[in-house]
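Structural description and commentary
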Amino acid sequence: MSYNTQGESSWLLDEALANPEIAKFINKDQLERFRSSGGVRFEDNLLITEDGCVNWTEVPRTAQEIKDWIAGDDSKYD
């Protein structure tokens, strides 16, 4: 069993890597590069409809949007 820097078990990733049907979809080099980061958590507000979904969360997503937001141009997210 392996552990990331936060001390949490990464057994789920180990199981996925051990399963050839799942592992073929995993970029192992990138996984190892970022594995100790602890992951990313997305918290979007979604409206689920019969035709799909609508993301109601308006946050900067691209590098330029984040730079603009840091510089104080956040009018898009009011």
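Residues numbered from 1 in each chain as written. Predicted model: local features only at pLDDT ≥ 70, side-chain atom pairs only at ≥ 80, totals over all residues. Heavy atoms only, no water.

1. Some points on the confidence of the model for the protein
- When pLDDT is averaged across the protein, the result is 82; 83% of the residues are at 70 or more.
- Element-level pLDDT for the protein is lowest in helix H4 (residues 63-70), with a mean of 88, against a maximum mean of 95 in helix H2 (residues 20-23).
- Here residues 1-7 scores under 50 on pLDDT; set against residues more than four positions off or in separate chains, the count is 18 contacts. (pLDDT = per-residue confidence, 0-100. Helix = DSSP H or I, 4+ residues; strand = E, 2+ residues; numbered from the N terminus. Contact = heavy atoms within 4.5 Å.)

2. Considering the environment of Lys28
- By secondary structure assignment, the location of Lys28 is in helix H3 (residues 28-34).
- In this structure Lys28 comes out as partly exposed when scored by relative accessible area, which is 42%.
- Distance in space between the C-alpha atoms of Lys28 and Leu17 is 8.3 Å, their sequence separation being 11 residues.
- The residues contacting Lys28, other than those within four sequence positions of it, are Leu17 and Ala23.
- One polar contact links the side chain of Lys28 to the main-chain carbonyl oxygen of Ala23, over a distance of 3.2 Å. (Buried < 20%, exposed > 50% of the residue type's maximum accessible area, 1.4 Å probe, protein only. Polar contact = N/O pair within 3.5 Å; in protein donor to acceptor, adjacent residues only side chain to side chain.)

3. A few points about the pairing of strand E2 (residues 52-55)
- Where strand E1 (residues 46-49) lies against E2, 4 bridges are found, and the strand directions are antiparallel. If you follow Ile48 over to E2, its bridge partner there is Cys53.
- The hairpin formed by E1 and E2 contains 2 residues between the paired strands. (Pairing = 2+ DSSP bridges.)

4. Structural notes on the pattern of salt bridges
- As enumerated under the stated definition, the model contains 4 salt bridges in all.
- Glu21 serves as the salt-bridge partner of Lys24, at 3.3 Å between the closest nitrogen and oxygen. The two residues Lys24 and Glu21 agree in class, both being exposed.
- Asp44 serves as the salt-bridge partner of Arg61, at 3.3 Å between the closest nitrogen and oxygen. Of the two residues, Arg61 is situated in the loop between E2 and H4 and Asp44 in the loop between H3 and E1; the sequence distance between them amounts to 17 residues. (Salt bridge = Lys/Arg side-chain N within 4 Å of Asp/Glu carboxyl O.)

5. Quick notes on the side chain of Arg35
- By the secondary structure assignment, Arg35 is in the loop between H3 and E1.
- Note on Arg35: relative accessible area 16%, which makes it buried.
- Of the polar contacts made by the side chain of Arg35, one reaches the side chain of Asp14; its length is 2.6 Å.

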